[in-house]
Every structure is written in structure tokens, then in C-alpha cells.
Amino acid sequence: MLSKKVKDLLNAQVNAEFYSAYLYLDFSNYYKDEGLDGYANWYMIQAQEERDHAMLFIQYLQQNGESVTLEAIDKPDKKYKSFIDPLKEGADHERLVTGLINTIYGAAHKDNDYRTMQFLDWFVKEQAEEEENADDNVKKFELFGDDAKGLYMLDSEMKARVYTAPSLTLD
Ligand code: FEO
């Protein structure tokens, strides 16, 4: 049985993951409007991954006999002045999400809730990857994004990303 604290944090994470999906969808829409279809693709796929994360938290709660409360998702309200802005926002956002996962992990650890810690292990690893990818996007843009040819090359690279389902499955 999950403690109320852990249950509430897991439920809040459902909302945080859906918000991440919303935020990345907003990035995708921005790039689409700007004609950068590759970046639009990359963030569309990222939004799909975030939705998958939310579903995993829902499934985990339900597996543990808990009901899920879906709260309102905040409107993404970021204003982007240049192409690099969403990339930087994305990197900051992933660090924030890592903090949220760590908070749940800490609460589970305090409760000797090894089952939840084991579930969260996948997310701890995933966050390391997500932070690395987000930082890479910023770095590459800083290196090559100022020049039209460089931007074209980066956008083409972002277009190659394809969706893959998460490696974590709960039965
Ligand atoms: Fe669900 Fe990008 O972390």
C-alpha cells in the first residue's frame, strides 16, 4: 500500500508529465509556424513520450489499487523570441522534472517503499537521458544554428527522429 504522501506525489506527477507534453507540443507548434519542420517533429515526438510517462504513472497508481485524479493542465504561456529559446526552456524544464522525480523517490525511500523506488528507477535513468538530449540540442544550436546552412542541417537531423514506445512496461 502506498502512503498518502507518495500517492499524492505520484498523482501530481501525472499532471506534471501531461504538462510536459503540452509544453513540448507548444514548442512543436512554434517551430511548425516558423517552417522548421525537423524541430517540430522532434518536439512532437517528445510530447508523445511525455504522454507515455503520464500513462505509466497512471498505470502504476492503478496497479497499487489507487484511484487517479486528473487535474487541470496549465496553459503553456512561454513567449519565444528566437529559435534557441524553446531549446533552453526544454533543458530547464527537464531539470525541474528531475527534481520532481527525486522528491518522489525521497518520499518513497523514507517510507521503505521499495516497490515505488524500483518503479522510479526507470525514470531516474530516463531523466539523465532527457537532460543530456536537451543540453545537446542547446549546444548544437549554439554551434551551428546561427548560419542558414547549419540551421538547415540541424533541422534535417531533427526530422530523422522517430517515435519509440517506452522500454518500461507494467503488466
Ligand atoms: Fe517525462 Fe521529459 O520527462
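For the structure, see preceding data.
Quantities reported herein were computed from a predicted structural model and do not represent experimental measurements.

Rules behind the numbers
Residues numbered from 1 in each chain as written. Predicted model: local features only at pLDDT ≥ 70, side-chain atom pairs only at ≥ 80, totals over all residues. Heavy atoms only, no water. Helix = DSSP H or I, 4+ residues; strand = E, 2+ residues; numbered from the N terminus. Buried < 20%, exposed > 50% of the residue type's maximum accessible area, 1.4 Å probe, protein only. Areas by Shrake-Rupley, 256 points an atom, 1.4 Å probe, with all protein chains shown as cover. Lys, Arg positive; Asp, Glu negative; His and termini not counted. Charge placed at Lys NZ, Arg CZ, Asp CG, Glu CD. Core = buried A, V, L, I, M, F, W, Y, C linked by side-chain atoms within 4.5 Å. Phe/Tyr/Trp six-rings, centres within 6.5 Å; stacked < 30°, edge-to-face > 60°. Lys NZ or Arg CZ within 6 Å of the ring centre and 35° of its normal.

Engineer: Would you explain the overall build of the protein in this entry?
Structural biologist: Looking only at helices and strands, the protein has 5 helices and 0 strands in total. Along the protein, from the amino end to the carboxyl end, the secondary structure elements read α-α-α-α-α. Considering only C-alpha atoms, the protein reaches an extent of 55 × 25 × 25 Å along its principal axes. Looking at the 171 residues of the protein, the share that counts as buried comes to 46%. About 9600 Å² of surface is accessible on the protein, with carbon and sulfur atoms providing 52% of the total. The average position of the 19 basic charges and that of the 33 acidic charges among the side chains of the protein differ by 2 Å.

Engineer: Would you mind going over the nonpolar core with me for this structure?
Structural biologist: Across soluble globular proteins, you tend to see nonpolar side chains buried next to one another. Ranked by internal contacts, the top residues of the largest apolar core, which has 22 residues, are Tyr24, Phe27, Tyr31, Tyr39, Tyr43, Leu87 and Phe141. Within the residue set of this core, elements represented by two or more residues are helix 1 (4-34), helix 2 (37-63), helix 3 (84-110), helix 4 (114-144) and helix 5 (148-159). Of the residues forming this core, the biggest block, 6 residues, is contributed by helix 1.

Engineer: Looking at this structure, I do not really get the packing of aromatic side chains. What am I missing?
Structural biologist: Two aromatic rings, taken as a pair, are described by how far apart their centres are and by the angle between their planes. Across all of its chains, the model carries 15 aromatic pairs by this definition. Geometrically, the ring pair formed by Phe27 and Tyr80 is edge-to-face, given 5.6 Å between the ring centres and 85° between the ring planes. A residue pair is termed long-range when its members are at least 10 positions apart, and Phe27 in helix 1 and Tyr80 in the loop between helix 2 and helix 3 qualify at 53 residues. Taking relative accessible area as the criterion, Tyr80 reaches 16% and is therefore assigned buried. One aromatic cluster is present, formed by Tyr24, Phe27, Tyr30, Tyr31, Tyr39, Trp42, Tyr43, Tyr80 and Phe141 through successive ring pairs. The ring of Trp42 is capped by Arg161, whose NZ or CZ atom sits 4.2 Å from the centre of that ring.

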